[in-house]
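An overview of the molecular structure
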Amino acid sequence: MTITKRQPRLSHLILYRNQILFFLYVERLIRGVSVSKLRKRPAPDKWSVVEILAHLADTEIVGGFRIRMILGAPGTPIAGFNQDAWVTSGHYDKRDPGKSVEQFRVSREANLALLKSLTQEQWKHHGIHSERGVETVEHIVRMFAGHDVNHIRQIERILAPQK
Ligand code: NI
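The structure reproduced in this document is the subject of the present report. Computed from a prediction, not measured in an experiment: that's the story for all the values here.

**Topic: the nonpolar core**
Core analysis: the biggest nonpolar cluster contains 14 residues, and Val49, Val50, Ile52, Leu53, Ala54, Leu56 and Ala57 have the highest contact counts within it. Mapped onto this core, the elements with two or more residues apiece are helix H1 (10-30) and helix H3 (49-72). A per-element tally of this core places H3 first, with seven residues. Within the second largest apolar cluster, eight residues are counted, among which are Ile70, Ile140, Val141 and Phe144.

**Brief notes about the sheet that holds strand S1 (residues 77-78)**
Strand-to-strand pairing in sheets goes through backbone hydrogen bonds, with the strands running parallel or antiparallel. Strand order in the open sheet made by the three strands is S1-S2-S3, with mixed pairing throughout. Each of the sheet's edge strands pairs with one partner strand only, and the pair in question is S1 and strand S3 (133-136). Two elements, strand S2 (residues 126-129) and S3, share four bridges in a ladder whose sense is antiparallel. Within S3, the residue paired with Gly127 across the bridge is Glu135. Lying on the sheet, H3 is in contact with S1 and S2; it crosses S2 at an angle near 120°.

**A look at the packing of H3 against helix H5 (residues 97-116)**
Running from amino to carboxyl end, H3 crosses H5 at an angle of 20°, the nearest separation of the two axes being 9 Å. By the angle class used here, H3 and H5 are roughly parallel. In this structure, H3 crosses over H5, and the sense of that crossing is left-handed. Contacts between H3 and H5 involve Val49, Val50, Leu53, Ala54, Leu56, Ala57, Glu60, Ile61, Gly63, Gly64 and Ile67 from the former and Pro97, Ser100, Val101, Gln103, Phe104, Ser107, Arg108, Ala110, Asn111 and Leu114 from the latter. Of the residues in the contact of H3 with H5, the class split is 13 nonpolar, six polar and two charged.

**Things to note about H5**
It helps to recall that an α-helix has 3.6 residues per turn; residues three or four apart then point in one direction. Spanning 20 residues, H5 covers 28 Å between terminal C-alpha atoms, matching the ideal 28 Å at 1.5 Å per step. Buried residues of H5: Pro97, Ser100, Phe104, Ser107, Arg108, Asn111 and Leu115, and no others. Viewed along the axis of H5, the buried residues span an arc of 105°, placing them on a single side of the element. Residues Lys99 and Ala113 are exposed on H5 and point more than 90 degrees away from its buried face.

Criteria and cut-off values
- Residues numbered from 1 in each chain as written.
- Predicted model: local features only at pLDDT ≥ 70, side-chain atom pairs only at ≥ 80, totals over all residues.
- Core = buried A, V, L, I, M, F, W, Y, C linked by C-beta atoms within 7 Å.
- Buried ≥ 20, exposed ≤ 12 C-beta atoms within 10 Å, placed from the backbone.
- Helix = DSSP H or I, 4+ residues; strand = E, 2+ residues; numbered from the N terminus.
- Pairing = 2+ DSSP bridges.
- Contact = placed C-beta atoms within 7 Å.
- Axes fitted to C-alpha atoms, helices over the stretch in contact; angles between N-to-C directions.
- Parallel < 35°, antiparallel > 145°, perpendicular 65-115°, else oblique.
- Left-handed = near helix turned anticlockwise from the far one by under 90°.
- Nonpolar A, V, L, I, M, F, W, Y, C, P; charged D, E, K, R; others polar.
- Expected span 1.5 Å × (residues − 1).
- Arc of directions from axis to C-beta.

Such coordinate-based values are descriptive only and should not be taken to indicate function.
So, in structure tokens, the structure goes:
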């Protein structure tokens, strides 16, 4: 098999697949769970499932925007954002969980389609994050995949039957 310039590495392909499976899994996790349960915070300072889903949906827009900024202007500054402020300012507690999953899915699919079209060189392009410094497209994709997993585990813990 010849390696062409447009062919992403295997690790990236695995990420794509995991990321597609991710939202199917989230849909299954919340299926049949009452909205009041999904809106209930496990503790006053811990996000509810509805808030976590809104966070994932909005973060996916942030990631997609950052990748596009980097591709259009490699080396560009990337602004951080205050995720806790977004929970309040974005009224995450009022979000429809099904709509958040849908927003996440549509954004992720658009981002995946973009990533699949990148050259090997473009995967190495980077921006300068205001707090974390140099971040390549490859690094951002890996970081987001890890971010998904952390929040899935968090949702699983909230929805697990109480002992
Ligand atoms: Ni997060």
